[in-house]
Amino acid sequence: MKNFAGKVAIITGSSRGIGKAIALELANKGALIVLNGRNPERLAAAEQQLKTIHQQVLAVCSDVSTVLGCKELISQAIGKFGKIDILVNNVGVSMRGYVADLNPEVFKTVFESNVLGTVYPTIPAIPYLRQTKGSIVFISSLAGIRGLPGLSAYSSSKMALRAIVESIRLEEAAHSIHVGLVLAGVTDIEPGKETIAADGSLRLLASRKGKNVQPTREVAKAVIENIRYRKFYSVLTPLGKINAVLQSLFPLLVERIILANLHKFEEGGK
């Protein structure tokens, strides 16, 4: 899929952040865009921004962690554009807190968003993607390479995405559907971005700045490359690539490195 002109792309969780950046990149390359989010004001603002590029934009306010929300998303996309070429499963939430301190509902909330929120839209989209030999891309995280302190629910939910991707790749190979996984690193966030605290409440994330923070547009470009060249596994940032290799070959060494730097993980989790 080297030419995106006229392709229909659904991006979940695209009212801000990485999702909106992906939508903007695809729109600039001529794709017809289906935006999705739960906050109607943010979604409307994103829609207006996209429409400064072109008018072929549909915004669907629905919760993709529910079956009904996903049926609505896919139904409206087909009703408007008649086909689906690309589905980017971007929606997700993060959390903070050691397992011993967690309200068990934190795991439930994270998995509903990060795992079910990718499976639920994928299932009804697959028949249409078979027709177009399209792409499904799942946005994961470097935290999905290994479990990290204070991120147990988040890391495990992102690890689950690899198994889902591997299964669908095998199941849909005969239908020529491309299924990719993109592991993003520490990415810039918009003001007001929240995470789930140990007690289950929402708290604001601190602003992210510095040389190791990746702009959302860079992540979006990596997603476009994954789709264009129908890649399986895209690990972002040099540090991420090193981590992936070390975890595969020397997992106990990685564990010792993390234990020696626990304070840095705690600071980075703010």
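For the structure itself, look to the data block above.
Residues numbered from 1 in each chain as written. Predicted model: local features only at pLDDT ≥ 70, side-chain atom pairs only at ≥ 80, totals over all residues. Heavy atoms only, no water.

## Considerations on the packing of helix α1 (residues 17-28) against helix α6 (residues 216-228)
A packed helix pair is summarised by two numbers, namely the angle formed by the two axes and the spacing between the axes. Note the cut-off: Here an axis means a line fitted to C-alpha atoms, over the contact stretch when the element is a helix, while the angle between two N-to-C directions is reported on a 0 to 180 degree scale. Helix numbering and strand numbering both begin at the N terminus, where a helix is a DSSP run of H or I of at least 4 residues and a strand a DSSP run of E of at least 2. For classification purposes, angles smaller than 35 degrees are called roughly parallel, those larger than 145 roughly antiparallel, those between 65 and 115 roughly perpendicular, and all remaining angles oblique. Definitions for this section: a left-handed crossing has its near helix turned counterclockwise from the far helix by less than a right angle. A right-handed crossing has that turn clockwise. Here, residues are in contact when the closest pair of their heavy atoms is within 4.5 Å. Any residue that is not Ala, Val, Leu, Ile, Met, Phe, Trp, Tyr, Cys, Pro, Asp, Glu, Lys or Arg is counted as polar, Gly included; the first ten are nonpolar and the last four charged.
Running from amino to carboxyl end, α1 crosses α6 at an angle of 60 degrees, the nearest separation of the two axes being 8 Å. The orientation of α1 relative to α6 falls into the category oblique. In this structure, α1 crosses over α6, and the sense of that crossing is right-handed. Note on element contacts: α6 touches α1 through T216, R217, V219, A220, K221, V223 and I224, opposite G17, I18, A21, I22, E25 and L26. The residue makeup of the contact of α1 with α6, split by class, is 8 nonpolar, 2 polar and 3 charged.

## Side note on the pattern of salt bridges
Spelled out, the test is: Each reported salt bridge corresponds to a side-chain nitrogen of Lys or Arg within 4 Å of a carboxyl oxygen of Asp or Glu.
Summed over the entire model, instances satisfying the criterion amount to 9 salt bridges. For K83, the salt bridge goes to D85, with nearest N and O atoms at 3.2 Å.

## Here we look at the packing of aromatic side chains
Rules: Note on aromatic pairs: the rings of Phe, Tyr and Trp (six-membered ring only in Trp) are paired at centre separations within 6.5 Å, and the planes decide the class, stacked below 30 degrees, edge-to-face beyond 60, tilted for the rest. Relative accessible area decides the class of each residue, using a 1.4 Å probe on protein chains only: under 20% of the type maximum gives buried, over 50% gives exposed, and in between gives partly exposed. Remark: a charge is flagged as sitting over a ring if the NZ atom of Lys or the CZ atom of Arg is within 6 Å of the ring centre and within 35 degrees of the ring normal.
Per the counting criterion, the structure on display carries 2 aromatic pairs. Between F107 and F111, the aromatic rings sit 6.2 Å apart at their centres with planes inclined by 20 degrees, giving stacked as the arrangement. Here the residue F107 and the residue F111 both occupy positions in helix α4 (residues 105-132), the gap between them amounting to 4 residues, near one helical turn. On the basis of relative accessible area, F111 is assigned to the partly exposed category, the value being 28%. Taken together, a centroid distance of 5.7 Å and an interplanar angle of 35 degrees make the contact between F232 and Y233 tilted. Overall, F232 belongs to the partly exposed group, its relative accessible area being 24%. The side chain of R162 reaches across the aromatic face of Y233, ending 4.4 Å from its centre.

## Digging into the side chain of S152
As for its position among the elements, S152 is in helix α5 (residues 152-171). Owing to a relative accessible area of 18%, S152 belongs among the buried residues under this scheme. The contacts of S152, once residues within four sequence positions are left out, are M95, V99, L102 and F107.

## Some details on the sheet that holds strand β4 (residues 86-89)
Inclusion rule: DSSP calls a pair of strands paired once it identifies at least 2 bridges connecting them.
With respect to topology, 7 strands assemble into an open sheet ordered β3-β2-β1-β4-β5-β6-β9, the strand pairing being parallel. Pairing within the sheet leaves two strands with one partner each, and these edge strands are β3 (57-61) and β9 (233-235). On average, adjacent strands in this sheet sit at an angle of 15 degrees to one another, irrespective of strand direction. Sheet topology places strand β2 (residues 32-37) next to β3; 5 bridges connect them, and they run parallel. Directly across from I33, in β3, lies its bridge partner V57. Along the sheet face, α1 touches β1 (8-11), β2, β4 and β5 (135-141) and points at about 170 degrees away from the line of β1.

## Digging into unusual backbone geometry
Although it is not a glycine, K133 sits at a positive phi angle of roughly 50 degrees. For K133, a relative accessible area of 47% gives the class partly exposed. One non-glycine residue, T237, lies in positive phi territory at about 70 degrees. Secondary-structure assignment places T237 in the loop between β9 and α7 (238-249).

## Quick look at α5
The condition is simple: The span expected for a helix works out to 1.5 Å for each residue beyond the first.
In this model α5 runs 29 Å from its N-terminal to its C-terminal C-alpha over 20 residues, within 8% of the 28 Å that 1.5 Å per residue would give. Within the sequence span of α5, burial applies to S152, A153, Y154, S155, S157, K158, L161, I164, V165 and I168. Where α5 is buried, its residues meet α4, β5 and β6 (178-184).

## Let's talk about the nonpolar core
Formally: In this description, a nonpolar core means a group of buried Ala, Val, Leu, Ile, Met, Phe, Trp, Tyr and Cys residues linked to one another through side-chain atoms lying within 4.5 Å.
Counting 33 residues, the largest nonpolar core has I10, V34, I84, L129, I136 and F138 as its most contacted members. Residue assignment for this core shows that the elements contributing at least two residues are β1, β2, β3, α3 (67-81), α4, β5, α5 and β6. When sequence neighbours within four positions are dropped, the list of residues in contact with F138 reads N89, T118, T122, L161, I164, V165, I168, V179, G180, L181 and V182. Ranked by size, the runner-up nonpolar core spans 30 residues in total, among them F4, I139, V182 and A184.

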